[in-house]
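Listed below, chain by chain, are the residues.
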Amino acid sequence: MKAILFVGHGSRDEEGNEQVRQFVQTILPQIDATFYVHTCFLEFGVPSVIDGIVHCVERGATEVIVIPIILLPAGHSKLHIPAAIDEAKERYPYVSFTYGRPLGIHDATFTILQDRLEEAEIVLDEHTAVILLGRGGSDPDANSDLYKIARLFWERNKQVIVEPAFMGVTNPSLDEAVVKCVKLGAKKIVVLPYFLFTGVLIKRLEKRVFEFQSIYPHISFVLTHYFGFHPSLQTIVLDRLHEALSDSVQMNCDTCQYRLHVAEHHHHHHHHHDH
């Protein structure tokens, strides 16, 4: 029996974890019924990744396909999930594992972003600035992906200012992005969350945007909806699943800080002599 284990990031806000579970339920009709489907979390939610794998194996799975429902490839997808899979391989040597890639940069992403703006009745013109707001992390590769997405989004809406920013860990911060947009002459600033589901940060963001309106009363501030249950999110996740099932997963390793660190400290072993 084959099992598909979807991995959500997990949130201290249980509402966000429940939205991940509900999202997986929405895509079940598009997955072959012969697969056993289960959901787990990296942190804050239950079950954990290793517990999710154990559950699948105990249900009879001899092959587990692990699909991260995570926006950008960073430490979680490059280190933590693979570590859990390695642990499971030692525990269950008779079970095979296939690891899919995070959502990453996908054409359907821009459909979601565009629709969230249209839902908020945003007119994209030279007086409008869109702040594409990501979570932010310590992985330069993942942070740079948000910049690429912001650039690609601008290519589709060239009359509007598009600025990337992050909620934490790295810069530019949301506050810095707002200051920049004000200096660029924006009369309306739209905060577009590059987040999958609700959680502590989304609720904190709602309060912060309200505060911005008080600080800059001459500028209109709008907070759009996060990705949520958008049909195109289903498209992206199912594409990542189909990649894994067809053994066509392609990771971006060229700028991965973990790979570069290993390359710097690893001496290649050349087989120029007999052993």
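Residues numbered from 1 in each chain as written. Predicted model: local features only at pLDDT ≥ 70, side-chain atom pairs only at ≥ 80, totals over all residues. Heavy atoms only, no water.

A.B. asks: Sorry, what's going on with the pattern of salt bridges here?
C.D. replies: Here the idea is simple: oppositely charged side chains can pair when their charged atoms come close. The tally for this structure, following the rule as stated, stands at 17 salt bridges. Here lysine 158 ties to glutamate 155 by a salt bridge, and the two come within 3.5 Å at their closest N and O atoms. Judged by relative accessible area, glutamate 155 falls into the partly exposed class, the value being 34%. The closest approach of N and O atoms between arginine 208 and aspartate 175, which form a salt bridge, is 2.6 Å. Here arginine 208 is found in helix α7 (residues 200-215), whereas its partner aspartate 175 is found in helix α6 (residues 174-183), with 33 residues between them in sequence. Residue class for aspartate 175 comes out partly exposed when judged on its relative accessible area of 33%. Residues joined in a network through salt bridges with shared partners are Asp13, Glu15 and Lys203. (Salt bridge = Lys/Arg side-chain N within 4 Å of Asp/Glu carboxyl O. Buried < 20%, exposed > 50% of the residue type's maximum accessible area, 1.4 Å probe, protein only. Helix = DSSP H or I, 4+ residues; strand = E, 2+ residues; numbered from the N terminus.)

A.B. asks: I'm lost on the sheet that holds strand β6 (residues 161-166) in this one. Help?
C.D. replies: What holds strands together in a sheet is hydrogen bonding between their backbones, with the strands either parallel or antiparallel. One open sheet accounts for 4 strands, arranged β6-β5-β7-β8; its pairing is parallel. Strands at the two margins of the open sheet, each flanked by one partner only, are β6 and β8 (220-223). Ignoring which end each strand starts from, the neighbouring axes of this sheet average 20° apart. Here strand β7 (residues 188-193) runs beside β8; their pairing, made up of 4 bridges, is parallel. Along β8, the bridge assignment pairs valine 190 with valine 222. Along the sheet, α7 makes contact with β5 (128-134), β7 and β8, crossing β8 at roughly 170°. (Pairing = 2+ DSSP bridges. Axes fitted to C-alpha atoms, helices over the stretch in contact; angles between N-to-C directions. Contact = heavy atoms within 4.5 Å.)

A.B. asks: Explanation requested: the nonpolar core in the structure shown.
C.D. replies: Inside soluble globular proteins, nonpolar side chains tend to come together where they are buried. Among the nonpolar cores identified, the biggest contains 46 residues, and Ile4, Phe6, Ile31, Leu113, Tyr194 and Leu233 are the most heavily contacted of them. Counting residues per element, this core draws most heavily on helix α8 (residues 231-245), at 6 residues. With 24 residues, the next largest nonpolar core counts Ile70, Ile81, Ile85 and Tyr92 among its residues. (Core = buried A, V, L, I, M, F, W, Y, C linked by side-chain atoms within 4.5 Å.)

A.B. asks: Just checking my understanding: could you explain the layout of surface pockets for this structure?
C.D. replies: A probe as big as a water molecule, rolled over the atoms, marks out the empty space that is left. Considering only enclosed or pocket space, the largest pocket measures out at about 1100 Å³ in volume. Surrounding the largest pocket, 42 residues form its lining, His9, His76, Arg135, Phe195 and Leu201 being those nearest its centre. Listing elements by their share of the lining of the largest pocket, those giving two or more residues are α1 (14-27), α3 (75-91), α5 (140-156) and α7. Of the residues that constitute the lining of the largest pocket, the class distribution is 20 nonpolar, 17 polar and 5 charged. (1 Å grid on protein atoms, 1.4 Å probe; cavity = no way out; pocket = protein on both sides within 12 Å on 5 of 7 lines; lining within 4 Å. Points joined across faces, edges and corners; volume = space filled by probe spheres on them. Nonpolar A, V, L, I, M, F, W, Y, C, P; charged D, E, K, R; others polar.)

A.B. asks: It is not clear to me how the pairing of strand β1 (residues 2-8) should be interpreted in this structure. Could you clarify?
C.D. replies: Regular strands place side chains that alternate from one sheet face to the opposite one. Buried residues dominate β1, accounting for 6 of its 7 residues. Here β1 pairs with strand β3 (residues 63-69) via 7 bridges, running parallel. What sits directly across from phenylalanine 6, in β3, is isoleucine 67. Relative to strand β2 (residues 36-41), β1 is paired through 6 bridges, and the arrangement is parallel. Within the sheet, the bridge partner assigned to glycine 8 lies in β2 and is phenylalanine 41. On the question of chirality, the crossover connecting β1 to the parallel β2 by way of α1 is right-handed. (Right-handed = clockwise from strand over helix to strand, strands pointing away.)

A.B. asks: Could you clarify how one ought to interpret α7 in this entry?
C.D. replies: Taking 1.5 Å of rise per residue, the 16 residues of α7 would be expected to cover 22 Å, and the 23 Å separating its terminal C-alpha atoms lies within 8% of that figure. As for α7, its buried residues are in contact with β5, α6, β7 and β8. (Expected span 1.5 Å × (residues − 1).)

A.B. asks: When you look at the packing of α1 against α8 in this model, what are you seeing that I'm missing?
C.D. replies: To describe two helices that pack against each other, one gives the angle between their axes and the distance between the axes. Remark: α1 packs on α8, axes separated minimally by 10 Å, with the N-to-C direction vectors making an angle of 80°. The pairing of α1 with α8 is recorded here as roughly perpendicular in orientation. Packed against α1, whose contacting residues are Phe23, Thr26 and Ile27, the element α8 presents Leu233, Gln234, Val237 and Leu238 at the interface. Here the residues of the contact of α1 with α8 sort into 5 nonpolar, 2 polar and no charged. (Parallel < 35°, antiparallel > 145°, perpendicular 65-115°, else oblique.)

A.B. asks: For this particular structure, what's the right way to read the packing of helix α4 (residues 107-119) against α8?
C.D. replies: The N-to-C vectors of α4 and α8 enclose an angle of 165°; their axes lie 9 Å apart at closest approach. When the interaxial angle is binned, α4 and α8 end up roughly antiparallel. Crossing hand, α4 versus α8: left-handed. Within the contact between the two elements, α4 uses Ala108, Thr109, Thr111 and Ile112 and α8 uses Ser232, Leu233 and Ile236. (Left-handed = near helix turned anticlockwise from the far one by under 90°.)

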